[in-house]
Structure formats: C-alpha cells, structure tokens
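Coordinate analysis (summary)
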2 protein chains.
Amino acid sequence: MPDQPIRGFPDEEFADRTRRAQALMAKQRLAGLLLMTEPEVRYFSGFHTLFWQSPTRPWFLFVPATGKPIAIIPEIGAELMRTTWVTDIRCWSAPSPKDDGISLLTELLNPLSREGARIGVMKGHETALRMPLGEYERLMTGLPGLEIADATSLVRSLRIVKSESEIEKLAHICAIGSRSFDQVPNLAHEGLPLEDLFRAFRREALAQGADDVPYLVGGADQGGYHDVISPPTPRPLQSGDILMLDTGATWDGYFCDFDRNFAIGRVDDASRRAYDVLWRATEAGLAAARPGNTCRELFNAMQVVISEIDEQTGDVGRLGHGLGMQLTEWPSHAEFDDTIIEENMVLTLEPSLGYGDGRLMVHEENIVVRADGAKLLTKRAADELPVI
Amino acid sequence: MPDQPIRGFPDEEFADRTRRAQALMAKQRLAGLLLMTEPEVRYFSGFHTLFWQSPTRPWFLFVPATGKPIAIIPEIGAELMRTTWVTDIRCWSAPSPKDDGISLLTELLNPLSREGARIGVMKGHETALRMPLGEYERLMTGLPGLEIADATSLVRSLRIVKSESEIEKLAHICAIGSRSFDQVPNLAHEGLPLEDLFRAFRREALAQGADDVPYLVGGADQGGYHDVISPPTPRPLQSGDILMLDTGATWDGYFCDFDRNFAIGRVDDASRRAYDVLWRATEAGLAAARPGNTCRELFNAMQVVISEIDEQTGDVGRLGHGLGMQLTEWPSHAEFDDTIIEENMVLTLEPSLGYGDGRLMVHEENIVVRADGAKLLTKRAADELPVI
C-alpha cells in the first residue's frame, strides 16, 4: 500500500480553527457556539468515532468566546475525548431519558442567559438538530434570557476552505477511489448480479486502503440507467447495459465522492454521445473552477455544454458540491448559489443529464481549487465511455 | 453463499404498518404523522437508499389519518419512491435553500391548521430533527392553528416489535456476523496493525454476504482495552493484548450489533475472570429476556452477575438495547427503562464491566424474544476467552 498521510491533526490546527471561529463570533457578538453534529464536534475537537451511528445519545460541544471548546458528552465518550486537545470535559451517564445532558447544558449556559447573551446554533440550510426537539425546546424554556442566532454561515465559512492537512487526506482517499475504479473492468462482467459487483467494489476499495465505503450507489440497465440513488438489485449485468458506480469512500474521516460509467459488451449511440457531452461539461467545469468565480458561474459553464442535448437538470438539483468530512457539503454548483470560489476549497464537479426514454447519466470528479485553478484529486475519467 | 431472504417487503406489510399507526393515531386524536428520519420514512414507505448520508436535502413522509402515506421529497428520489407502494409523491427540485419542501408541506398541512388539528412529530428520546431547525420554525409559524404532539412513543411502539420478515433479515445478518467473527483467528496475528485487522474484518464480512459494515469499533491493549467506541490505531497487536471487535453490519437495511473478545498469545487472569463473569451475565440475560419481564428486570438479572467484580456500569449507560433498522433502537436495558418485553422484540444483551486499572470489557449477543423465551440470533460466544 502506498504511503499514507498522518492520521488526525496536530492540536495547533484545532486551536487555529477555534481562534478563527472566535474572531467571527466577536464580530457577530456571539458569546458562544452550541454544536451537536458530528462534523462540527469533530472540526473543533478532533473527536472521531463511528459511535454517532447510534442515535441514542446527544453530544454537545460549546465554543466559548475565548478559550478552548467545552465538551458535554455521554460518559462512554470520555476516554476518547480525553485523547483530544479538549480539557474541559463534562459527562453524564447516558442514556438518561429524563436528563440527557440538559442540566449540564443549563448549568453552563445559565450565566449567559442571565446576561441576555447571544449564542449561535446551526439552524440553516443542510443542517439538522441532532438532539430531541422536545429536549431542545425544554432547554430553551429554562434559559429565557438567551438569544439564539443561526451560526450556519459562520461555521460554513470556516469549513468550506480546507487546510493542507485536510487536503492531504482528501487527496489520499480520492487516489484510493481512483485505483478502485481502475479495477472495475476486472470485477464486472456479463452475468454478474449488480449487488455482487457492489460487494466486490467495496472489498476492492478496502484493499486499496479505504477505511470504509459508507456510500455506494449506482445502476445498470439497457442503454442507460434510470436512477442514481438506489441500492443494487440482484439483476445480472447484460451486454448493452450502461453501468454507473458512485462511491463515497473514507480515510481518516474524509470522503471522496465520485462515480464512473462503463458499458457492458457494447455501447449504444445515445449513451456514447451523453458521455461525450458530460466529459466536455466536466472540462468546462475544470476551467471555470477558479478563485473569484461564483458557483453560479461554474454551474453555467457546465450547463452550457450539457444543454447541447438536455436543458433539464432539475432532477439532481445541482452540478456538484463541496466535499470534506461529509459526503456532500456547501456550496452547491447551482443557479441559486453565488458563493465565491476560494483557494483551497475542495469541490465535486458533477454534471448530469437526462436522455432518451427517461435515462440519466452522471459524471463526477473531485478537485481542489488552487490559486491558478482546479487541480484534480481524482484520476480523470476516460474521454470515451469504457467498454467492459 | 447460503440462501438469503427476499429483499424488501410485500406492499401488504407497509399497509399493515400504516393501519396500525392509524389505529393508534385515532386513539390520540392525531390527524397525521409528519416523519422525516430515515428509519421512519423507510418503515412506512419502503424507501431505501444510502443517499440519506448526504445532509443537503430534507425528506418528508406524511401519514394521514386514513389512506396511504404521502411523500414530499426531492426530485432526485422520485424514481426510487415510485417503486414503493406510495402513490402520492410530491417533489421539488432540491436543494433549494429558499424553499426546501416548505411550500409543499404548507399546502398539505394548511387545511389541518385551519381546523386546529393535531399532528404528531417525533420529538422524544433517541430522535433528532432531520431538517433545518430554522425551516421547522418557519413552517410552524405559517401553520398557526396546528397543534404538534410528540409521536415518539407511538412510532416506538410499532417499530419495537418486529415482523417475521424483519426477523428473517436480522437473523440473516447476525449469521453473517457470526461467520465473520469465526474467521478472526485466521485474520488476526501478533504484529498486525489494528487498522489492518479492521480492514480485513470488513472485507471478510462483505465476503460472508453483508451488504455493508457501517459500524466497526474496538480496541486492543495489554491486559485489556480502555475504550469501546474508538476507530482503530496503527498499533500492531502484541502478545498479551485483549482484543475486542464490535460490528454493526447490514443486510437489506437491517443491522446486527455484537462484539467478540480475543486474547493475543496469552491471557492474564483478570481478563479471564472478567470474561467469565460477562459470559455468565449474558446467560442470566438470556434467561430473563422473556415476554412479561421488564427491561429493568433484564438489566438487574445481568447486573447481579456483573457485580461479582464491578458495581459500576455507568460508563456504557446500559446493558443492551433494541436492534433493527438502526444500530441501536429502543428499549434500553437499564434501571430507568420499565418497557415490558414482548414477543418478537429483537434485542442485544450487552453486559460490560470495568476492571483492573481502567480496563473495560464488553460482551454482546443478539436475540429475538419468542413466547417461550430468548432465541439467539448470533452464534453464542465461546465460554472461555479464545486465545489467538
């Protein structure tokens, strides 16, 4: 296996993230940030575990106006949290349906409530409330002086630009994904049930060095697939199928997210043409993904090419997005998104089109934006639809 | 690979789930249930996709007082939703930060708001709000007549008891997990980095037929491990290590969740004794997991044995839980949980104890409760700590 980056981050990186958050908080008169979602807790603390998959227990990280974050977490996470740079760790024995962290939170926030202070909670687009809504309402009722502001754009502005250490991890998992896709012609063959190909691909990605392959979707059907989010069926691959696999594999908690298309046995003309258009749309995206352009401009650059054969991309809703600790992050390459592209953003370019009788094709590459333009993290897809 | 169950469920199963929900809703004067979390949407619709890993788009399923559920979902999911028994599918082109389903929801719920009707939303223990909190608040402001009740216990009472088709899937993935653990002595050896063992175990579980291994945690250290939720380190296994692997593998969207302990090279006396106590605590749990007993009684039956050497189990917070579409589900085997155990509940028995100098040991088995008592879905762990 090739050399891999160092796992984790030096404490200084968390200190730097925290200081930058606190500088923005000062501008917005925020006395703290109350965070409870996995990527945010991990971003400021380094706390990294798959245990979030259990929905049972809420977890909280409070970023004060100055100083280190404070963890308010279930006892089961204390040992792991102690390995991070966080030192103020307050625990309760969870689950505890009558008081899952609420009294600890209340104790922490009461002085701020009495001052009529303002704190940030993530309430905006692409967020969720990862604690019971009833408990959140109860917490707020007990803190009547507290003003809650939406901290989504503050956190987004930090997470959307990646550090060099983050980019190293993303480059590493994208390389693993690329090597895995290179093996698909050896894994896929006529007669193989799609679900067995999925299993073989997952095994391949692990062998190539992925920690996990949490996301794998795709489709295969005669002359094109019809859906891009389904689990695999037991249907065997047939000559004339267009096959697509789209993977989100992870290394040290960072995702790649890209797909590859293949023809089984032979290619129909419509699929060949769709592939060509999308390949060129991606080229246009690569050229447009430069600092200073907006996501809307990036979208339009790809859409112009796509519209050679399809003007409707409403199905998928956008032509790419941010990438990092989550499979999909801000921004969106879409008409509505005027985010200005910055150096060190990591993005997907994901042009898609509808063609023929309800068929769909999607291409995807992952890039890092540098001062002089897009740099591919994925090995560029072949310029003609590969036939297996 | 052995025969596997049929994927998915017949429409009749979804119709039956919906009818049972509606009977409970009638008793609670609920005009509908507004659901937005993956297991709930899947439970009533059959909509099954990994795409939920993308946090970008909210998804909604409304269960009305009578008739089939209504899906309000991003356009990207329309094709897959049309393969389910749901026929009323209302879509928007998502993401759309200014209106991610809110106007469609408002249109649906407005008549109920005008009547001053009451609908259920899941707000209770072990739930989350899988839409932006700001959007939820905006939705409710626009529906001033609507009364929101907590539907957690209603949904919980349905999901907590499994159908025979669900039990078949759970039995299948537990058997896959058991066969995978049987191979650990062939995969693990002195000098192997723990992260490579994790990768090998994931590959083995896939080869044994798992669709995915989304959850894998564990530890290994001299004379016992210290933490049960960490990702693996690159530290090589050493003689004298106690190794634990805990996996949540899935098949057709259903989880197993159990662990196995191994000694590398040799066993220290304290770990041998801890293992023996936990093995017997599990036996006590197996005897107590009968219809009519409470989860508290089940907890106490295990705790009596555990207290031979440890009276503190606060770390982990409970000694097992429900199992199904989620890695951990209601109920909890804990002092606070007086849920009455019913036939066809699928549960984990997960006794744990602290010993020595901050060491921890956890055992886990998965069972289905039948009229005459617990039936193991996992192959029972060896009665003595296996040495590799």
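As a starting point, this report considers the structure included with it. (Residues numbered from 1 in each chain as written. Chains lettered and ligands numbered in written order. Predicted model: local features only at pLDDT ≥ 70, side-chain atom pairs only at ≥ 80, totals over all residues. Heavy atoms only, no water.)

1. Remarks on the relation of the copies chain B and chain A
Note on the identical chains: chain B maps onto chain A by a rotation of 180° and an axial translation of 0.0 Å, with an RMSD of 0.0 Å. Such a combination of rotation and displacement between the chain copies is what one expects of a two-fold axis. Mapped onto chain A, 100% of the interface residues of chain B again fall at the interface, so both copies present the same surface. (Least-squares fit on C-alpha atoms with pLDDT ≥ 70 in both. Contact = heavy atoms within 4.5 Å.)

2. Some details on the sheet that holds strand 1 (residues 32–35) of chain A
All names here are of chain A. Read from one edge to the other, the open sheet built from 6 strands follows the order 4-3-2-1-5-6, with strand pairing classed as mixed. In this open sheet, the two strands that pair with only one neighbour each are strand 4 (88–92) and strand 6 (147–150). Direction aside, neighbouring strands of the sheet carry axes that sit 25° apart on average. Relative to strand 4, strand 3 (residues 70–74) runs parallel, the two sharing 5 bridges. (Pairing = 2+ DSSP bridges. Helix = DSSP H or I, 4+ residues; strand = E, 2+ residues; numbered from the N terminus. Axes fitted to C-alpha atoms, helices over the stretch in contact; angles between N-to-C directions.)

3. Quick word on the packing of helix 2 (residues 38–45) of chain A against helix 6 (residues 152–159) of chain A
Relative orientation and spacing of two packed helices are given, respectively, by the angle between their axes and the distance between those axes. Residue and element names in this part refer to chain A. Where helix 2 contacts helix 6, the axes come no closer than 12 Å and their chain directions differ by 60°. Regarding the angle of helix 2 to helix 6, the classification is oblique. As for the relative orientation of helix 2 and helix 6, their crossing is left-handed in sense. Counting all contacts with helix 2, which are made through Pro-39, Glu-40, Tyr-43 and Phe-44, the residues of helix 6 involved are Val-155, Leu-158 and Arg-159. Of the residues assigned to the contact of helix 2 with helix 6, the class counts are 5 nonpolar, no polar and 2 charged. (Parallel < 35°, antiparallel > 145°, perpendicular 65-115°, else oblique. Left-handed = near helix turned anticlockwise from the far one by under 90°. Nonpolar A, V, L, I, M, F, W, Y, C, P; charged D, E, K, R; others polar.)

4. Some remarks on the environment of Pro69(A)
Residue and element names in this part refer to chain A. Within the secondary structure layout, Pro-69 lies in the loop between strand 2 (60–64) and strand 3. The class of Pro-69 is buried, set by a relative accessible area of 1%. A C-alpha to C-alpha distance of 11 Å links Pro-69 and Glu-40, two positions 29 residues apart in sequence. Discounting chain neighbours no more than four positions away, the residues touching Pro-69 are Thr-18, Phe-44, Leu-61, Phe-62, Val-63, Pro-64, Trp-85, Val-86 and Asp-88. (Buried < 20%, exposed > 50% of the residue type's maximum accessible area, 1.4 Å probe, protein only.)

5. Overview of unusual backbone geometry
Between Trp330(A) and Pro331(A) the backbone carries a cis peptide bond, its omega angle lying at -5°. Positionally, Pro331(A) belongs in strand 12 (residues 329–332). Of note, the amide linkage connecting Ala94(B) to Pro95(B) takes the cis form, showing an omega dihedral of 5°. Tracing the backbone shows Pro95(B) in the loop between strand 4 (88–92) and helix 4 (102–115). Positioned with a positive phi, Arg29(A) is a non-glycine residue whose angle comes to about 55°. Among the secondary structure elements, Arg29(A) is positioned in the loop between helix 1 (11–27) and strand 1. The phi dihedral of Asp252(B) is positive, around 50°, even though this residue is not glycine.

6. Observations regarding the interface of chain B and chain A
Taken residue by residue, the interface counts 73 residues in chain B and 74 residues in chain A. Of the roughly 5,900 Å² buried between chain B and chain A on both sides combined, carbon and sulfur atoms contribute 55%. In terms of surface lost to chain A, no three residues of chain B exceed Arg199(B), Arg203(B) and Ile229(B), which account for 12% of the buried area on that side. Where chain B touches chain A, the interface holds 8 salt bridges. Its salt-bridge partner being Asp211(B), residue Arg199(A) comes within 3.0 Å of it at the nearest N-O pair. Our enumeration of links across chain B and chain A arrives at 36 residue pairs in polar contact (both at pLDDT 80 or more). (Buried area = accessible area lost by both parts, 1.4 Å probe. Salt bridge = Lys/Arg side-chain N within 4 Å of Asp/Glu carboxyl O. Polar contact = N/O pair within 3.5 Å; in protein donor to acceptor, adjacent residues only side chain to side chain.)

7. Describing the pattern of salt bridges
Inspection of the entire model under this criterion finds 66 salt bridges over all chains. The shortest N-O distance in the salt bridge between Glu12(B) and Arg19(B) comes to 2.7 Å. The partly exposed category is assigned to Arg19(B), whose relative accessible area is 45%. Each of Arg7(A), Lys169(A), Asp211(A), Asp252(A), Glu195(B), Asp196(B) and Arg199(B) takes part in a single network of salt bridges with overlapping partners.

8. A few points about the state of the cysteines
Here the structure, examined in full by the defined rule, presents 0 disulfides over all chains. Unpaired in terms of disulfides, Cys256(A) finds its nearest cysteine sulfur in Cys174(A), a separation of 5.4 Å. (Disulfide = S-S within 2.5 Å.)

9. Side note on helix 1 of chain A
Residue and element names in this part refer to chain A. With 17 residues, helix 1 extends 25 Å between its outermost C-alpha atoms, agreeing within 8% with the 24 Å of an ideal straight helix rising 1.5 Å per residue. Among all positions in helix 1, only Glu-13, Phe-14, Ala-15, Arg-17, Thr-18, Ala-21, Gln-22 and Met-25 are buried. Looking at the buried positions of helix 1, the neighbouring elements they touch are strand 1, helix 2, strand 2, helix 6, helix 7 (164–182) and strand 9 (254–255). (Expected span 1.5 Å × (residues − 1).)

10. Description of the packing of aromatic side chains
This model, assessed by the stated rule, comprises 18 aromatic pairs over all chains. Plain terms: the ring middles of Tyr43(B) and Phe44(B) are 5.1 Å apart, the flat faces sit at 90° to each other, and that makes the pair edge-to-face. With respect to class, Tyr43(B) is no different from Phe44(B); both count as buried. Feature note: the residues Phe47(A), Phe51(A), Trp52(A) and Trp59(A) constitute an aromatic cluster, connected by ring pairs. In this structure, Arg42(B) packs its charged tip against the face of Tyr254(B), placed 5.9 Å from the ring centre. (Phe/Tyr/Trp six-rings, centres within 6.5 Å; stacked < 30°, edge-to-face > 60°. Lys NZ or Arg CZ within 6 Å of the ring centre and 35° of its normal.)

11. Notes on the packing of helix 10 (residues 269–288) of chain A against helix 11 (residues 295–306) of chain A
Residue and element names in this part refer to chain A. In contact at an axis separation of 8 Å, helix 10 and helix 11 are set at 155° when each is read in the N-to-C sense. Accordingly, the angle class assigned to the pair helix 10 and helix 11 is roughly antiparallel. As for how helix 10 packs across helix 11, the hand of that crossing is right-handed. Contact residues: Val-277, Leu-278, Arg-280, Ala-281, Ala-284, Gly-285 and Ala-288 in helix 10; Leu-298, Ala-301, Met-302, Val-305 and Ile-306 in helix 11.

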